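# Observations on chain architecture
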Amino acid sequence: MQLYNKLSAKERAALIDAAGKDRITISFYQYHQIKNPQILRDKLFLDWNTLDVLGRIYVSYEGINAQLSVPSENMHTLKKQLDSISFLKDIRLNVAIEQDNKSFLKLKVKVRNKIVADGLNDVTFDVTNKGIHVNAAEFNALLTDPNTICVDIRNHYESEIGHFEGAITPDVDTFRDSLDLIEAELKDHKEDKKLLMYCTGGIRCEKASAYYKHKGFKNVFQLEGGIIEYTRQVNTLGIENKFLGKNFVFDDRRAEKISEDVIAHCHQCGKTADTHTNCANEGCHLLFIQCDECAEKMENCCSTACQEIIHLPYETQKKLRKGKHASNKIFKKGRSEVLKFKG
C-alpha cells in the first residue's frame, strides 16, 4: 500500500507533459475537531493518489488546509470524495485565477499540530468563534468607511508585491508574529473601530478573527475566500477591484496577477519589478524579487558568492551544503544583507 509520494518533481513533470491533460489548481480549508488526523491523512492520500492529485495538504486536530492540483477530468470525482466527508460536504473550493499544469509536482499530505501555526497555547481560545464574513462588494464598502482599519494578515514578502488600497501591511515573517503585533498597534481601537482583515484564501483570517474577538475586539470582519475569491467576484460580477498588484501563492507559480500595478522593486538594483525567484544556489534558495536584467546578469542568484557556487562541480556543491540547515527553504524570505534594496 503506497502512502507516500515516490516520484521526484522532475519525473512527475515529465509524466504531466506526456499526459497532455489540463489540470486545475484549487485550495480549501476547514477548521474542525479531528480526533485522529493520521487516519484521515492516510485516507486522503490513498483516495487522491488514484486521481493523480498533487499538492500540499496539512491535516491536524483543528482541521485541514489543502492546496492542490487535479486533472480536470477528475475534478467531479474529487468533489464527490470531499462531499462524502461530513465536515467537508459542500466546502467552498477556491479555484486559482491563473492556471498552470505544474503548480504542484508532488502529493504531500502531512499531519501537523495545527493547520496554521500560531504559537498559541491558550486553552480558552475558541477558533470557531470567528468574525463576520464579507463578500467582495461588502469588503469594498467597508474599505472606504473611515471607521474601518484594514489589516493584511499575510507576511511581508506577500504584501510587498500586492495588497489592498490603504491596508496596514505588518512587516512580519510569519502569521504567529503578526497576532500580538497587530493587537498591540490597535489596542486603543477595540471598541470604536471596525477591524477588517484579509489573506490569500481566508484560512489565516479565520483564525485571526477568532483570536481578536477573544482579545476583546468588538467589530471584526474578514474577507470570505480571501483575495482569490475576491478576484473571482470582481471578474464575474463587475465589482471595482481595489487590490493593487499580485497575489502571492505558495506553489510553483509564486503569484497571480490581480491588477496591472507593479508596486514592488528588484531587491538587487531597485528597479520596478514584482517577480519572485529562488536563488539558483541550492544551498541558499533564498526567495527574493529579481528583475529580468538582474536575473540574466546574476544567473538567478542572490549574490556573487552564490553565483560562484553554482559553477562548481555538483559534488562540490553537495559537500558545501552538507550538514547545513537550509532555513531559506521554509519561506524565511527576502531577509538578507546581500540584497541592497530590501531591509
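Computed from a prediction, not measured in an experiment: that's the story for all the values here. (Residues numbered from 1 in each chain as written. Predicted model: local features only at pLDDT ≥ 70, side-chain atom pairs only at ≥ 80, totals over all residues. Heavy atoms only, no water.)

### A word on the overall build of the protein chain
Regarding its fold elements, the protein chain presents 11 helices and 14 strands. Here the C-alpha atoms of the protein chain give a radius of gyration of 21 Å, agreeing with the 20 Å that 2.2 N^0.38 yields for 343 residues. Buried residues in the protein chain amount to 51% of all 343 residues. Looking at the protein chain alone, contacts between residues at least 24 apart form 69% of all its contacts between residues at least 6 apart. Only carbon and sulfur atoms are counted for the fraction: they give 50% of the accessible area of the protein chain, which is about 16900 Å². Taken as two groups, the 50 positive and 48 negative side-chain charges of the protein chain have centres that lie 6 Å from each other. (Helix = DSSP H or I, 4+ residues; strand = E, 2+ residues; numbered from the N terminus. Rg over C-alpha atoms; globule rule 2.2 N^0.38 Å. Buried < 20%, exposed > 50% of the residue type's maximum accessible area, 1.4 Å probe, protein only. Contact = heavy atoms within 4.5 Å. Areas by Shrake-Rupley, 256 points an atom, 1.4 Å probe, with all protein chains shown as cover. Lys, Arg positive; Asp, Glu negative; His and termini not counted. Charge placed at Lys NZ, Arg CZ, Asp CG, Glu CD.)

### Comments concerning the sheet that holds strand E3 (residues 63–71)
Read from one edge to the other, the open sheet built from 5 strands follows the order E4-E1-E3-E2-E5, with strand pairing classed as mixed. Every other strand in the sheet has two partners, leaving strand E4 (94–95) and strand E5 (107–111) as the edge strands with one partner each. Pairing of strand E2 (residues 54–60) with E5, which is carried by 5 bridges, proceeds in the parallel orientation. The partner of Tyr-58 across the bridge, within E5, is Lys-110. Each of strand E1 (23–31), E2, E3 and E5 touches helix H2 (residues 37–50); the most contacted strand, E5, lies at about 170° to it. (Pairing = 2+ DSSP bridges. Axes fitted to C-alpha atoms, helices over the stretch in contact; angles between N-to-C directions.)

### Regarding helix H1 (residues 9–19)
Of the positions making up H1, those classed as buried are Arg-12, Ala-13 and Ile-16. When H1 is viewed along its axis, its buried side chains cluster within an angular range of 100° and face the same direction. Exposed residues on H1 whose side chains face more than 90 degrees from its buried face are Lys-10, Asp-17 and Ala-18. At its buried positions, H1 is contacted by E1 and E2. (Arc of directions from axis to C-beta.)

### Concerning the side chain of Ser-259
Checked against the element boundaries, Ser-259 lands in the loop between strand E12 (255–257) and strand E13 (276–278). A residue is classified by how much of its surface remains accessible, and Ser-259, at 11% relative accessible area, is buried. Here Gly-245 takes part through its backbone nitrogen, which lies 2.8 Å from a polar atom of the side chain of Ser-259. Here the side chain of Ser-259 touches Asp-261 through a polar contact of 2.7 Å, side chain to side chain. With sequence-adjacent residues up to four places away left out, Ser-259 is seen in contact with Asn-241, Phe-243, Leu-244 and Gly-245. (Polar contact = N/O pair within 3.5 Å; in protein donor to acceptor, adjacent residues only side chain to side chain.)

### Things to note about the packing of aromatic side chains
Where two aromatic rings form a pair, the distance of their centres and the angle of their planes describe that pair. Across all of its chains, the model carries 14 aromatic pairs by this definition. Summarising the aromatic geometry, the rings of Phe-28 and Trp-48 are spaced 6.5 Å apart at their centres and angled 85° between planes, so their arrangement reads as edge-to-face. Taken together, the positions of Phe-28 in strand E1 and Trp-48 in helix H2 put the pair 20 residues apart, joining distant regions of the chain. Grouping residues by exposure puts Phe-28 and Trp-48 together as buried. Ring centres of Phe-164 and Tyr-198 lie 4.6 Å apart, and the angle between their planes is 85°; on these two criteria the pair is classed as edge-to-face. A residue pair is termed long-range when its members are at least 10 positions apart, and Phe-164 in strand E8 (residues 162–164) and Tyr-198 in strand E9 (residues 194–198) qualify at 34 residues. Assessed through its relative accessible area of 0%, Phe-164 is described here as buried. For Tyr-198, a relative accessible area of 0% translates into the label buried. (Phe/Tyr/Trp six-rings, centres within 6.5 Å; stacked < 30°, edge-to-face > 60°.)

### Re the environment of Thr-128
By the element assignment, Thr-128 lies in the loop between E5 and strand E6 (132–134). Separated by 79 residues in the primary sequence, Thr-128 and Lys-207 have C-alpha atoms spaced 7.9 Å apart. A distance of 2.6 Å separates the side chain of Thr-128 from the side chain of Asp-126, its partner in a polar contact.

### Let's talk about the nonpolar core
Counting 26 residues, the largest nonpolar core has Phe-28, Trp-48, Ile-57, Leu-68 and Leu-78 as the members making the most contacts within it. For this core, the secondary-structure elements that each account for two or more residues are E1, H2, E2, E3, helix H3 (75–83) and E5. (Core = buried A, V, L, I, M, F, W, Y, C linked by side-chain atoms within 4.5 Å.)

### With respect to helix H4 (residues 136–143)
Residues three or four positions apart in an α-helix share a direction because the helix packs 3.6 residues into each turn. Taken as a whole, H4 has its buried residues at Ala-136, Phe-139, Asn-140, Leu-142 and Leu-143. With its buried residues spanning 165° around the axis, H4 presents them on a single face. Each element contacted by the buried residues of H4 is listed here: E6, strand E7 (148–152), E8, E9, strand E10 (220–223) and helix H8 (226–237). One side-chain oxygen at the N-terminal end of H4 lies 3.2 Å from the backbone nitrogen of Ala-137; it belongs to Asn-135.

### Focus: the pairing of E9
Two faces make up the sheet, and in a regular strand the side chains alternate between them. Burial analysis of E9 places 4 of its 5 residues in the buried class, the great majority of the element. With 5 bridges joining them, E7 and E9 adopt parallel strand pairing. Along E9, the bridge assignment pairs Val-151 with Met-197. In this fold, E9 hands off to helix H7 (residues 203–214), which returns the chain to E10; that crossover is right-handed. (Right-handed = clockwise from strand over helix to strand, strands pointing away.)

### Considerations on the pattern of salt bridges
Tallied over the full model, the rule gives 25 salt bridges. Between Arg-41 and Asp-42 there is a salt bridge, with its nearest N and O atoms 2.9 Å apart. Here the salt bridges do not stand alone but share partners, grouping Glu-62, Lys-114, Asp-118 and Lys-207 into one network. (Salt bridge = Lys/Arg side-chain N within 4 Å of Asp/Glu carboxyl O.)

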